[in-house]
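# Reading the structure
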Amino acid sequence: MPGLFDPIEINGLKLGNRLIRSATWEGMCETDGRPTPKLTKFYHALALGEVGLIITGYTFVSPEGKQLPGKMGIHTDTFAADYKSMVDAVHDAGGKICLQLVHAGGQTDSGNAGRKPLAPSAIASAQYPEIPAEMTADDISNVVRAFGDGARRAKEYGFDAVQLHGAHGYLINQFLSPLTNRRGDLYGGTAVNRLRFLREVYEAVRTAVTPDYPVLIKLNGSDFLAGGLDREEALSVARYLDEAGIDAIEVSGGTPASGEQTPARKKISSEEQEGYNLSLAADIKKHVTCPVFSVGGFRSLSVIEKALADHAADCFSMARPFIREPDLAKRWRLGETTKARCISCNGCFIPGIKEGGIYCVAEKKEREKAQEQ
């Protein structure tokens, strides 16, 4: 049985351990999506901390697919030198880095997208800030091509892999979900039709990077929404992807409209609350041959090691704990068993908006309090 700090290989990509930094928005890019030295330093620290694979913050493939300020863009060749510098910094520290590709679809607004947002259907949704425009056939073709171009650039710039963001209510997930996809053409209606957009995106990406380059996906095992993508259909999507040649599936769940079952849940204070998407990952793992990652509330080494021993997943992803403790993986490898200090308050995202970059506000408060005493 493999251990957490045993290596794993994903389509030729050798990872030193099974701890993954799951993608999260950092807010450290220029207005046009250019990555900054601050973001490169952020990833460099994760590499020094021995994270097995760093998955970048969600990176828009087309300008109208941008959701938040400070978000990274892979829609132009203009940023080539910045990306190559980022990759070199991670590799120099012994790390591996995967670029996550996303289009926010209807889950953005005109201010960030620069136009009326695009989505499978022009409907009001609790996920959407405003009613989007229904995508035309040309819109779909353009976005599919943008995913392929983004993947091509990522490979050219030296990234070790790419990951499609097919979760959390973004465009790929919007096409998969009956709740947000009300189309009457070949991209809507049946489960097969709703899968068509993802299939075309995957084929465009695979063609752009060749078969020997790792292509991963972040997939909702359930939207946790009445009428949304459910567990059974998500399993069918995972089976299709596995047969099509996807190299790993990171299983998440929820959307911003999913109430307490959002992707980044608060107040994870006990082991019983950890791994809240683990059962979804375990179901998918039983039906696919590719490696499966589980993400969602992991804080304790013991919980992760038990899940690995139970064959619930092959790798385990965390986002918020690595914001506070980029060296957490290294400390665990060296024998420390203390759980992550993240208190799941989501306060780290506030400075991403107001101060040009996320950080742990709880740790800052503790530090300031200590200095006062």
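Since this is a predicted model, take the numbers as computed values, not measurements.

Calculation notes
- Residues numbered from 1 in each chain as written.
- Predicted model: local features only at pLDDT ≥ 70, side-chain atom pairs only at ≥ 80, totals over all residues.
- Heavy atoms only, no water.
- Buried < 20%, exposed > 50% of the residue type's maximum accessible area, 1.4 Å probe, protein only.
- Helix = DSSP H or I, 4+ residues; strand = E, 2+ residues; numbered from the N terminus.
- Pairing = 2+ DSSP bridges.
- Right-handed = clockwise from strand over helix to strand, strands pointing away.
- Core = buried A, V, L, I, M, F, W, Y, C linked by side-chain atoms within 4.5 Å.
- Contact = heavy atoms within 4.5 Å.
- Arc of directions from axis to C-beta.
- Phe/Tyr/Trp six-rings, centres within 6.5 Å; stacked < 30°, edge-to-face > 60°.
- Polar contact = N/O pair within 3.5 Å; in protein donor to acceptor, adjacent residues only side chain to side chain.

### A few points about the pairing of strand 12 (residues 292-295)
- Of the two faces of strand 12, the one lined by V292 and S294 and the one lined by F293 and V295 are each fully buried.
- Inspection of the sheet shows strand 11 (residues 248-252) paired to strand 12 by three bridges, in the parallel sense. Bridge pairing in strand 12 places V251 opposite S294.
- Following the backbone out of strand 11, through helix 8 (residues 278-285) and into the adjacent parallel strand 12, one traces a crossover that is right-handed.
- Examined bridge by bridge, strand 12 and strand 13 (residues 315-318) share three bridges and lie parallel to one another. For V295, the partnering residue across the bridge sits in strand 13 and is S317.

### Regarding the nonpolar core
- Of all hydrophobic cores here, the largest spans 95 residues; its most connected members are Y43, F159, L164 and F197.
- Of the residues forming this core, the biggest block, eight residues, is contributed by helix 4 (residues 137-157).
- If we ignore the near neighbours within four places in the chain, the residues touching F159 are T56, Y83, M86, V87, I97, C98, L99, A154 and Y213.
- Within the second largest apolar cluster, 14 residues are counted, among which are I55, A161, L216 and C315.

### Looking at helix 9 (residues 301-309)
- Inspection of helix 9 places L301, V303, I304, A307 and L308 among the buried residues, and these make up the whole buried set. End-on, the buried residues of helix 9 take up no more than an arc of 165°, which puts them together on one face.
- The elements touched by buried residues of helix 9 are strand 3 (19-21), helix 8, strand 13 and helix 11 (328-333).
- Backbone geometry just downstream of helix 9 places H311 in the positive-phi region, at approximately 60°.

### Here we look at the packing of aromatic side chains
- Inspection of the entire model under this criterion finds seven aromatic pairs.
- With a centroid separation of 5.8 Å and 65° between ring planes, the pair formed by Y83 and F159 is classed as edge-to-face. Taken together, the residues span a long stretch of sequence, with Y83 in helix 2 (residues 80-92) and F159 in the loop between helix 4 and strand 9 (161-166) at a distance of 76 residues.
- F159 sits in the buried class, given a relative accessible area of 2%.
- A centroid spacing of 6.3 Å and a plane angle of 65° characterise the contact between F175 and Y187, whose relative ring orientation is edge-to-face. Here Y187 lies in the loop between helix 5 (171-176) and helix 6 (191-209) and F175 lies in helix 5, a separation of twelve residues in the sequence. The residues F175 and Y187 share a single accessibility class, namely buried.

### Notes on the pairing of strand 6 (residues 97-102)
- Of all six residues in strand 6, six are buried; the element is thus mostly enclosed.
- Side chains I97, L99 and L101 project from strand 6 onto one buried face, and the interleaved C98, Q100 and V102 project onto a second face that is buried too.
- Pairing geometry for strand 4 (residues 53-55) and strand 6, over two bridges, is parallel. The partner of I55 across the bridge, within strand 6, is C98.
- Pairing analysis gives two bridges linking strand 5 (residues 59-60) to strand 6, with the strands arranged parallel. Within the sheet, the bridge partner assigned to T59 lies in strand 6 and is L101.

### Considerations on the side chain of S344
- With respect to the helices and strands, the residue S344 is situated in the loop between helix 11 and helix 12 (350-354).
- A distance of 3.1 Å separates the side chain of S344 from the side chain of R299, its partner in a polar contact.
- Once residues within four sequence positions are removed from consideration, S344 is found in contact with R265, K266, K267, I268, R299 and R320.

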